[in-house]
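# Understanding the architecture of this molecule
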Amino acid sequence: MNIGVLALQGDVREHLAALAESDVLARPVRRPEELDGVDGLVIPGGESTAISKLAVAFGLLDPIRKRIADGMPVYGSCAGMIMLARTVLDGRPDQESFHGIDMTVRRNAFGRQVDSFEASVEIDGIEGGPFHAVFIRAPWVEETGGDVRVLGRVAEGAAAGRIVAVRQGNLLATAFHPELTGDLRVHRYFVEMVRQAAPVR
Ligand code: GLN
């Protein structure tokens, strides 16, 4: 089983490290040929406008859309969540997404004054207590379609109740960055999704 990390921009290295610690072979994906060899893909945090632009330039936009339509498991954190959203609010007019999850996200939603903050988030389906979640100019999910499962909301503070983790079929997204905190539970959850979806090789 191979998991790729979309390596156009953002915290690619941290995701590769978190996956390696979760005992899977993880590799950077920059070219369409590299995409062909992976059973699942992580889209890192970073800047969704840059990732969008580079995905077009590297010829990855349509191949990733197609793999998603064919059922490849994908996990997006922060900018990666934005890249998975069908509709992006406060995006740039030319910003593209992979159109995976039937949801509307708002970029930089928590307010520009509070560039980053930490909060406690309980994730449905992941045991062991709430996540110490780190948000950096993060989006939140404003609307979800019928079969999108809300997995987590901010528990306390001004943003209490905001949706920050979702799953739709083989697609998983969090507005926060588990790759930065050493808590491997989201990566392990995703690895299990890929294992269940991957053809036996
Ligand atoms: N604000 C960024 C964007 O719009 C996301 C920030 C992040 O990934 N930490 O893409």
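Cut-offs and rules
Sequence order as written defines the numbering, with residues in each chain counted from 1. Given that the model is predicted, a residue must reach a pLDDT of at least 70 before its local features are reported, and side-chain atom pairs must reach 80 or more before they are shown or counted; all residues, however, enter totals for whole chains, interfaces and linings. UniProt positions are given in the numbering used here, feature names are shortened, and annotations may be inferred rather than shown by experiment. The term nonpolar core refers to a group of buried residues, namely Ala, Val, Leu, Ile, Met, Phe, Trp, Tyr and Cys, whose C-beta atoms join them within 7 Å. Buried means a residue has 20 or more other C-beta atoms within 10 Å of its own C-beta, exposed means 12 or fewer, and partly exposed covers the counts in between; C-beta atoms are placed from the backbone. Numbering goes from the N terminus for both helices and strands, where a helix is a DSSP run of H or I of at least four residues and a strand is a run of E of at least two. Any pair of residues counts as being in contact when their C-beta atoms, constructed from backbone geometry, are within 7 Å of one another. For each residue, a C-beta atom is positioned from the backbone; the residue is called near a molecule or strand if that atom sits within 6 Å of it. In this count, Pro and Cys sit with the nonpolar residues alongside Ala, Val, Leu, Ile, Met, Phe, Trp and Tyr, while Asp, Glu, Lys and Arg are called charged and the others, Gly among them, polar. The arc refers to the directions leading from the helix axis to the C-beta atoms.

- An unreviewed UniProt entry annotates the protein as Pyridoxal 5'-phosphate synthase subunit PdxT of Actinoplanes flavus.
- Among the UniProt annotations of the protein, the heading Sequence similarities (unreviewed entry) holds the following wording: "Belongs to the glutaminase PdxT/SNO family."
- On record in UniProt, under Pathway (unreviewed entry), the comment for the protein is "Cofactor biosynthesis; pyridoxal 5'-phosphate biosynthesis."

### With respect to the nonpolar core
- Leu84 and Val121 are the most contacted members of the largest nonpolar core, which totals 61 residues.
- For this core, the leading source of residues is helix H5 (residues 79–84), giving 5 residues.
- Once residues lying within four places of it in the same chain are set aside, the contact partners of Leu84 are Ile43, Val74, Gly76, Ser97, Phe98, Gly100, Ile101, Leu171 and Ala173.

### Digging into the site of the ligand
- As a matter of local geometry, the ligand sits amid Gly45, Gly46, Glu47, Ser48, Cys78, Ala79, Ile82, Arg107, Asn108, Ile136 and Arg137.
- When grouped by side-chain class, the residues that make up the shell around the ligand number 4 nonpolar, 4 polar and 3 charged.

### Brief notes about the UniProt feature "binding site: L-glutamine" (unreviewed entry) in the protein
- The feature "binding site: L-glutamine" (unreviewed entry), as annotated in UniProt, sits at Gly46, Glu47, Ser48, Arg107, Ile136 and Arg137 in this numbering. For the annotated residues, spread through 92 residues, the largest C-alpha to C-alpha distance comes to 12.7 Å, consistent with a single compact locus.
- As for its position among the elements, Glu47 is in the loop between strand S3 (40–43) and helix H3 (48–57).
- Exposure remark for Glu47: the 16 C-beta atoms within 10 Å place this residue in the partly exposed category.
- Every residue in contact with Glu47, bar those within four places of it in the chain, is listed here: Gln9, Gly10 and Ala79.
- You can see Ser48 is positioned in helix H3.
- Owing to 30 C-beta atoms within 10 Å, Ser48 belongs among the buried residues under this scheme.
- With residues up to four places along the chain from it excluded, the contact list for Ser48 reads Ala79, Ile82, Met83, Gln95 and Arg107.

### Concerning helix H4 (residues 61–69)
- Listed in full, the buried residues belonging to H4 are Ile64, Arg67 and Ile68. The arc enclosing the buried residues of H4, seen along the axis, measures out at 100 degrees, which places them on a common side. Of the residues in H4, the exposed ones pointing more than 90 degrees away from the buried face are Asp62, Lys66 and Ala69.
- Those residues of H4 that are buried lie in contact with helix H2 (32–36), H3 and strand S4 (74–77).
- Looking at the residues trailing H4, positive phi occurs at Gly71, about 105 degrees.

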